[in-house]
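# Working through the structure, step by step
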Amino acid sequence: MINLSLARRYAKALLSIGKEDGRYKEYGEELNSFTYLLEREAELKNAIINPIYPRDDRKKVLDKILEMIQLSIIVTNFINLLFDKQRIDGVFQINQEYQQLVDKLENISRARVTTAAPLGEDVIDRIRQALEKITGGAVVLDVTDDSQIIGGIIAQVGDLVLDGSVRTQLQSLKETLIRGEVA
């Protein structure tokens, strides 16, 4: 694993190239698909990353994968550079940093929304619109349901947490009653 600042430096370098030639979205998609492949195929990931295997054998496996998935020459060279610099195990962090940099560049926020029960698309769209008003940019939602919040929703966008869950309201009421305050 590589540290966060190093992952950010590699991500910024690739983004810089992508901004110059106008293909930064494409590079992000390709990097994301490569990392997704490695996450999905644990044996493949192990064959490329695990230093127990000879370096030449790992390189051959990587070359074969890159040939099969046909990435752009820039992303192919980038992944090869990571391998050559013995930082291929950091590709997951680099991808995460890259995606965050692209989101920031395009003024996109990612929000996690937790609800007590599954929501319809119209309600999800209204939540997205409300969060877009708050953030001033586009919002991509990741919606999950958790019956433990009893009712309401919890929305988290970056550091901002909007907790309108019944569980939190009950907890707040309980604390107020314990302190003996009048509500």
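Above: the structure in question.
Procedures and definitions
- The residue count restarts for each chain, going from 1 along the sequence in the order it is written.
- Per-residue local features of the predicted model are confined to residues with pLDDT of at least 70, and side-chain atom pairs are confined, for both listing and counting, to 80 or more; whole-chain, interface and lining totals are unaffected and use all residues.
- Hydrogens and water molecules were not included; the side-chain quantities draw on all heavy atoms of the structure.
- Think of it this way: any DSSP run of H or I at least four residues long counts as a helix, any run of E at least two long counts as a strand, and we number them from the N terminus.
- To get the radius of gyration, use the C-alpha atoms; to get the globule rule, take the number of residues to the power 0.38 and multiply by 2.2 Å.
- Burial classes follow relative accessibility: with a 1.4 Å probe on protein chains only, a residue under 20% of its type's maximum area counts as buried, one over 50% as exposed, and anything between as partly exposed.
- A contact between two residues is defined here by any heavy atoms of the two lying within 4.5 Å.
- One requirement defines pairing of two strands: DSSP has to find at least two bridges between them.
- Lines fitted to the C-alpha atoms define the axes, with helices restricted to the stretch that makes contact. Angles between their N-to-C directions range from 0 to 180 degrees.
- In a helix, the anticipated span is given by 1.5 Å times the number of residues less one.
- Basic side-chain nitrogens of Lys or Arg form a salt bridge, by our definition, when they fall within 4 Å of a carboxyl oxygen of Asp or Glu.
- The scheme is simple: roughly parallel for angles under 35 degrees, roughly antiparallel for over 145, roughly perpendicular for 65 to 115, oblique for anything else.
- Each residue receives one of three labels: charged for Asp, Glu, Lys and Arg, nonpolar for Ala, Val, Leu, Ile, Met, Phe, Trp, Tyr, Cys and Pro, and polar for the others, Gly being one of them.

In terms of helices and strands, the protein chain carries eight helices and four strands. Each helix and strand of the protein chain, placed in order from N terminus to C terminus, yields the pattern α-α-α-α-α-α-β-α-β-β-β-α. Relative to the globule expectation of 16 Å for 183 residues, the C-alpha radius of gyration of the protein chain, 22 Å, shows a markedly less compact shape. Across the 183 residues that make up the protein chain, the buried fraction comes to 33%. Residue pairs in contact within the protein chain that sit at least 24 positions apart in sequence constitute 65% of those at least 6 positions apart.

Tracing the sequence through the fold places Asn80 in helix α5 (residues 73-84). Considering only alpha carbons, one finds Asn80 and Lys59, 21 residues apart in sequence, at a separation of 8.6 Å. What Asn80 contacts, discounting residues up to four positions off in sequence, is Lys59, Leu62, Asp63 and Leu66.

Across a regular strand the side chains alternate sides, sitting on one face of the sheet and then on the other. Relative to strand β3 (residues 153-157), strand β1 (residues 108-115) runs antiparallel, the two sharing five bridges. Across the sheet, Val113 pairs through a bridge with Ala155, a residue of β3. Between the end of β3 and the start of strand β4 (residues 160-163), which pair antiparallel, lie two residues, with Gly158 showing a positive phi angle near 60°.

Before going further, it helps to examine the side chain of Glu97. With respect to the element layout, Glu97 can be found in helix α6 (residues 91-105). Glu97 sits in the buried class, given a relative accessible area of 6%. In this structure, Glu97 is in contact with Leu4, Ala7, Arg8 and Ala11, ignoring residues within four places of it in sequence.

Glancing now at the sheet that holds β4. Across the sheet, which stays open at both edges, the four strands sit in the order β2-β1-β3-β4 with mixed pairing between neighbours. Strands at the two margins of the open sheet, each flanked by one partner only, are β2 (138-145) and β4. The mean inter-strand angle of the sheet, taken between neighbouring strand axes irrespective of direction, is 15°.

Below, the discussion takes up helix α2 (residues 24-40). The end-to-end C-alpha distance of α2, which contains 17 residues, comes to 24 Å, matching closely the 24 Å that a straight helix rising 1.5 Å per residue would cover. All of the buried residues along α2 are Tyr24, Tyr27, Gly28, Glu30, Leu31, Phe34, Thr35, Leu37 and Leu38. Here the buried face of α2 lies against α1 (4-21), α3 (42-49), α4 (55-69), α5 and α6.

The next point concerns the pattern of salt bridges. For the structure shown, the criterion picks out nine salt bridges. For Glu106, the salt bridge goes to Lys25, with nearest N and O atoms at 3.3 Å. Here Lys25 lies in helix α2 and Glu106 lies in the loop between α6 and β1, a separation of 81 residues in the sequence. For the salt bridge of Asp103 with Arg110, the shortest nitrogen-to-oxygen distance reads 2.6 Å.

Direction vectors running N to C along α2 and α3 enclose 105°, while the axes themselves pass 5 Å from each other. It follows from the interaxial angle that α2 and α3 lie roughly perpendicular. Between α2 and α3, the residues in contact are Leu37, Leu38 and Arg40 and Ala42, Leu44, Lys45 and Ile48, respectively. A breakdown of the residues in the contact of α2 with α3 according to their chemical character gives five nonpolar, no polar and two charged.

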